[in-house]
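Structural features, examined
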Amino acid sequence: MVIKYCEFEPTTHRNKRVAQFVFLDEPNDPHPLAICDVCVNKLKQMRPGAIVKERKEYEKEKKTAKSG
């Protein structure tokens, strides 16, 4: 898996915090946003219904969707 850094608050810690999660605007969002654990907490406060998945889980779902 490619290491991605948090893209949520680039001015604060771009290329410093590894993103363990992805944020999706909708369930089949073609452009997920890499997000770190700190920003997940901020995001959940701003948007309680936000779709956030672990990157490993998201990558597995993507692979199964492509193969099946």
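Residues numbered from 1 in each chain as written. Predicted model: local features only at pLDDT ≥ 70, side-chain atom pairs only at ≥ 80, totals over all residues. Heavy atoms only, no water.

1. Focus: the pattern of salt bridges
- Scanning the entire structure with this criterion turns up 3 salt bridges.
- Across the pair Glu61 and Lys53 runs a salt bridge, and its minimum N-O distance is 2.7 Å. (Salt bridge = Lys/Arg side-chain N within 4 Å of Asp/Glu carboxyl O.)

2. Let's talk about the environment of Glu59
- Within the secondary structure layout, Glu59 lies in helix α3 (residues 55-67).
- For Glu59, a relative accessible area of 27% puts it in the partly exposed group.
- For the pair Glu59 and Gln20, spaced 39 residues apart in the sequence, the C-alpha separation amounts to 11 Å. (Helix = DSSP H or I, 4+ residues; strand = E, 2+ residues; numbered from the N terminus. Buried < 20%, exposed > 50% of the residue type's maximum accessible area, 1.4 Å probe, protein only.)

3. Describing the side chain of Asp29
- With respect to the secondary-structure elements, Asp29 resides in the loop between β1 (21-24) and β2 (33-35).
- No salt bridge is formed by the buried Asp29, whose closest oppositely charged neighbour, Arg47, lies at an N-O distance of 8.5 Å.
- At 3.0 Å, the side chain of Asp29 and the backbone nitrogen of Asp25 are in polar contact.
- Setting aside its immediate chain neighbours within four residues, Asp29 contacts Phe23, Leu24 and Tyr58. (Lys, Arg positive; Asp, Glu negative; His and termini not counted. Polar contact = N/O pair within 3.5 Å; in protein donor to acceptor, adjacent residues only side chain to side chain. Contact = heavy atoms within 4.5 Å.)

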